[in-house]
Amino acid sequence: MAKQSAGTGYPGARAGVRIVVAGEQGTGKSSLIVTAAAENFPTNVPPLLPPTRLPEDIYPDRVPITIIDTSSRPEDRGKLAEELMRADAVVLTYACDQPKTLDRLSEYWLPELRQLEVKVPVIVVGCKLDLRDEQHQVSLEQVMSPIMQQFREIETCIECSAYKHIQIPEVFYYAQKAVLHPTGPLFDQESQTLKPRCVRALKRIFILCDHDRDGALSDAELNDFQVKCFNAPLQPSEIVGVKRVVQDKLPEGVNERGLTLTGFLFLHALFIEKGRLETTWTVLRKFGYNNDIKLADELIPHSSFKRAPDQSVELTNEAVEFLTGIYELFDSDADNNLRPYEIDDIFSTAPESPWDESPYKDAAERTALGGLSVDAFISEWALMTLLDPARSVENLIYIGYPADQSSAIRVTRRRRLDRKKQQSERNVFQCFVFGPRNAGKSALLNSFIGRPYSDTYTSTTDERYAVNIVDQAGPGGIKKTLVLREIPEDMVSKLLSSKESLAPCDIALFVYDSSDASSWKRATELLVEVASHGEDNGFEVPCLIVAAKDDLDSFPMAIQEPTRVSQDMGIEAPIPISSKLGDFSNLFRRILSAAEHPHLSIPETEAGRSRKQYHRLINRSLMFVSVGAAVAIVGLAAYRVYAARRSSSS
């Protein structure tokens, strides 16, 4: 496989590289820069050079380099820090004839970079090689090895002489290379292995190039890969040579069908070990990866996600069919139970599994074996698409979605329009779950995703999601996805501090402990608070009240008081449930039904009612005014006709 320049033709390509040269005074910084730019040793060098630009064709990558000279005087430390924090790479210099300047690297300069949080490659350069005492020659590796062990940010070390023009171009070549083709994301120096994210990306590339899906790259597929990445075909003898190198070191890297994934990964590890990082980076960038080994932003159709606050994003039927096919492919024993290792296998071509952390971890129903049914699998995808459409599309690409990415998602109709049409066409509904502490919110979410009930109370401190498929009532009921979002009581104020906080909400649920009068009181306060917020900001939502813990004795007036409040606010009476007994009064279907008819079950507060009466009064007055004005206009027209006739008759 051939090398090729990175250039600027890949997603996220750099327009230039900024290299800052720093080090002790008198170590040869300015002479190094002038000699690199002018290719001659300067006789007179100013104390501080202006920014120096090297021509873009000086190195194969054809990316312009700007070199920044710095002063090490104490009074210039502020400017120095500013330049270091803007650097793409840092060249730290010491003088080969002044051992003390080398000591200062580990005593001051490298700790200073860490203090400033400068997280860029560092090239250590020994200048004035021609002045070193020949009787005290030392190995560069021997001197630098302890420092490089302590400071892993050092990419490479090199010694040079500006006076004798020894290894001057190499200094800035290595600095540029460390920026354009960094080692860190690809290779673990300690274990001498490819890093997991690099392996995942190369596995995806291998699968994309394995057109016949036989688990090996044939000679023709290898040649296609070479042309795509390096714009040049491989000769038959070169293909034989590549496979021989792999087979000699790793017999399982080649089989009768061609180069296996193991062999493909071995080749890239070999390139990196030999310092040919640009080869692997060229491959990654040709397939759209950036320096974080993730797909570049330009490849994710962000414009497809533009939406009003009360619109949401859902998977299309095409995407759901693709994901169902993926599920069946990886559920090898066809038992409708995708085990954790099978889920990991699906995402083995993504930078990491997107469901390993909240809010996705533990958000869907798990089987007895800890796996996911097909409904739970699709539910997780629906949740990710709702909360983070870009991440969902990105992961669809990683796992091989074949069609145009914009065909995978759809933006729903505005909720405001749904209310006017008196019906929602959504497939995924989000329900905000409010309620005081210990009301039974978490138990409700747990029951929704098949978790066993627990008498042990644990306060929820962060928002939490639960997602599942709900079958609608009746024969041939359509499946819809319901997302429950638990809002802890002490996070309600923060949520409602934003005017658009209820815009993503299809329906709100207010849960209270039916055995505790104070729990009911707090739930009604939350209901009024949320309803008022919706009225004030134009994002009214249907609301249901849930009387939890129905297995316990109710508080006095537990029926009369909630019934009165619900009637006053124009919503359904509280729905009794018991998570402990597993009695939910068909709650989840009722939530879905209320969300599908967004013009109903909307609570009306006293303030909202007064406001409506006021608007009715104003509208009625305007109607009388408009009728009066119409009568006046008609009267004026009649008078004009009469006056005209009178004038003509006389």
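In terms of helices and strands, the protein carries 21 helices and 19 strands. Taking 650 residues into account, the globule formula puts the C-alpha radius of gyration at 26 Å, and the protein, at 35 Å, lies well above it. Each of the three principal axes of the protein carries a C-alpha extent, and together these read 115 × 85 × 60 Å. Considering the protein as a whole, with its 650 residues, one finds that 48% of them fall into the buried category. Long-range pairs, those at least 24 residues apart, make up 72% of the contacts in the protein with a sequence separation of at least 6. Summed over all atoms, the accessible surface of the protein reaches about 31,700 Å², with 51% contributed by carbon and sulfur. Distance from the positive charge centre (74 side chains) to the negative charge centre (90 side chains) of the protein: 7 Å.

The mixed open sheet is built from six strands, whose spatial order is E15-E16-E14-E17-E18-E19. Pairing within the sheet leaves two strands with one partner each, and these edge strands are strand E15 (464-471) and strand E19 (575-576). Examined bridge by bridge, strand E17 (residues 507-513) and strand E18 (residues 543-548) share six bridges and lie parallel to one another. Bridge pairing in E18 places Asp513 opposite Ala548. Along the sheet, helix H18 (residues 517-537) makes contact with strand E14 (428-434), E17 and E18, crossing E17 at roughly 165 degrees.

With that out of the way, let us pick up the sheet that holds strand E4 (residues 89-95). With respect to topology, six strands assemble into an open sheet ordered E2-E3-E1-E4-E5-E6, the strand pairing being mixed. The open sheet has two edge strands with one neighbour each: strand E2 (52-54) and strand E6 (154-159). Averaged over all pairs of adjacent strands, the angle between their axes in this sheet comes to 25 degrees, without regard to strand direction. The sheet contact formed by strand E1 (residues 17-23) and strand E3 (residues 65-69) spans five bridges and is parallel. Within E3, the residue paired with Val17 across the bridge is Ile65. Lying on the sheet, helix H2 (residues 77-85) is in contact with E1, E3 and E4; it crosses E1 at an angle near 145 degrees.

This part is about the pairing of strand E5 (residues 122-127). When you tally the buried positions in E5, you get six out of six residues, the bulk of the element. Side chains of E5 alternate between two faces, with Val122, Val124 and Gly126 and Ile123, Val125 and Cys127 buried alike. Here six bridges tie E4 to E5, and the two strands are oriented parallel to one another. Bridging from a neighbouring strand, Val90 pairs with Val122 of E5. Bridge count between E5 and E6: five bridges; the pairing is parallel. Looking at the pairing, Val125 lines up with Ile158 of E6.

Here the focus is the confidence of the model for the protein. Per-residue confidence for the protein gives a mean pLDDT of 90; residues scoring 70 or more make up 91%. The weakest mean pLDDT in the protein belongs to helix H21 (residues 606-649) at 57; the strongest belongs to E14 at 98.

As a rule of thumb, nonpolar side chains are buried together in soluble globular proteins. Within the largest apolar cluster, 77 residues are counted, with the highest numbers of intra-cluster contacts made by Ile205, Phe377 and Trp381. In contact with Phe377, not counting residues within four places along its chain, are Leu323, Ile326, Tyr327, Leu338, Ile346, Trp355 and Leu372. In terms of nonpolar packing, the next biggest core, distinct from the first, is built from 28 residues, Leu495, Leu526, Ala531 and Ile545 among them.

For the structure shown, the criterion picks out 40 salt bridges. Linking Glu83 and Arg18 is a salt bridge whose minimum nitrogen-to-oxygen distance equals 2.9 Å. Of the two residues, Glu83 sits in helix H2 while Arg18 sits in strand E1, which places them 65 residues apart along the sequence. As far as the burial class goes, Glu83 and Arg18 line up, both buried. The partner of Glu561 in a salt bridge is Arg564, with the nearest N and O atoms 2.7 Å apart. Of this pair, Glu561 and Arg564 both sit in helix H19 (residues 560-569), three residues apart, roughly one helical turn. Via salt bridges that share partners, Arg413, Arg415, Asp418, Glu425, Arg426 and Asp506 belong to a single interconnected network.

Right, let's talk about unusual backbone geometry for a bit. Residue Pro359 is reached from Ser358 by a cis peptide bond, and omega for that bond is 10 degrees. Considering the arrangement of structural elements, one finds Pro359 in the loop between helix H12 (340-346) and helix H13 (374-387). Notably, Gln192 is not glycine yet its phi reads approximately 55 degrees, a positive angle. As for its placement among the helices and strands, Gln192 is situated in the loop between strand E7 (187-188) and strand E8 (193-194).

Looking now at the pairing of E18. Burial of E18 is extensive: six of the six residues sit out of reach of the surface. Going residue by residue along E18, you find Cys543, Ile545 and Ala547 tucked away on one face and Leu544, Val546 and Ala548 tucked away on the opposite face as well. With H18 bridging E17 and its parallel neighbour E18, the resulting β-α-β unit is right-handed. Sheet topology note: the E18/E19 ladder contains two bridges and is parallel. Bridging from a neighbouring strand, Ala547 pairs with Pro576 of E19.

The subject of this paragraph is the packing of aromatic side chains. According to the stated counting rule, one finds 17 aromatic pairs in the structure shown. Judged by centre distance (4.6 Å) and plane angle (40 degrees), the rings of Phe448 and Phe588 are tilted. On the criterion of sequence distance, the pair formed by Phe448 in helix H16 (residues 441-448) and Phe588 in helix H20 (residues 587-596) is long-range, its members being 140 residues apart. Note on Phe588: relative accessible area 14%, which makes it buried. Within the aromatic cluster, the residues linked to one another by ring pairs are Tyr327, Phe347, Trp355, Phe377 and Trp381. One Lys or Arg, Lys228, reaches over the ring of Phe287 and ends 4.9 Å from the middle of that ring. For the cation-ring pair, Arg485 lies above Phe432, with the distance from its terminal atom to the ring centre recorded as 4.5 Å.

In this model, helix H11 (residues 317-330) (14 residues) spans 20 Å end to end at C-alpha, consistent with the 20 Å of a helix rising 1.5 Å per residue. Buried positions along H11 lie against strand E12 (313-315), H12, H13 and helix H14 (389-398).

Here Ile272 shows up in helix H9 (residues 261-273). With relative accessibility at 7%, the residue Ile272 sits in the buried group. Along the chain, Ile272 and Thr193 lie 79 residues apart, while their C-alpha atoms are 9.7 Å from each other.

Our focus in this paragraph is the environment of Ala547. Summarising the element assignment, Ala547 is placed in strand E18. The contacts of Ala547, once residues within four sequence positions are left out, are Tyr512, Ser514, Pro574, Ile575, Pro576 and Ile577.

Residue pairs three or four apart in sequence face the same way in an α-helix, which turns once every 3.6 residues. For H13, with 14 residues, the first-to-last C-alpha span of 20 Å sits near the 20 Å given by 1.5 Å per residue. Within H13, 11 of the 14 residues are buried, which leaves the element mostly enclosed by the surrounding structure. Turning to H13, its buried residues are Ala376, Phe377, Ile378, Ser379, Glu380, Trp381, Ala382, Leu383, Met384, Thr385 and Leu386.

Conventions we followed
Residues numbered from 1 in each chain as written. Predicted model: local features only at pLDDT ≥ 70, side-chain atom pairs only at ≥ 80, totals over all residues. Heavy atoms only, no water. Helix = DSSP H or I, 4+ residues; strand = E, 2+ residues; numbered from the N terminus. Rg over C-alpha atoms; globule rule 2.2 N^0.38 Å. Buried < 20%, exposed > 50% of the residue type's maximum accessible area, 1.4 Å probe, protein only. Contact = heavy atoms within 4.5 Å. Areas by Shrake-Rupley, 256 points an atom, 1.4 Å probe, with all protein chains shown as cover. Lys, Arg positive; Asp, Glu negative; His and termini not counted. Charge placed at Lys NZ, Arg CZ, Asp CG, Glu CD. Pairing = 2+ DSSP bridges. Axes fitted to C-alpha atoms, helices over the stretch in contact; angles between N-to-C directions. pLDDT = per-residue confidence, 0-100. Core = buried A, V, L, I, M, F, W, Y, C linked by side-chain atoms within 4.5 Å. Salt bridge = Lys/Arg side-chain N within 4 Å of Asp/Glu carboxyl O. Right-handed = clockwise from strand over helix to strand, strands pointing away. Phe/Tyr/Trp six-rings, centres within 6.5 Å; stacked < 30°, edge-to-face > 60°. Lys NZ or Arg CZ within 6 Å of the ring centre and 35° of its normal. Expected span 1.5 Å × (residues − 1).

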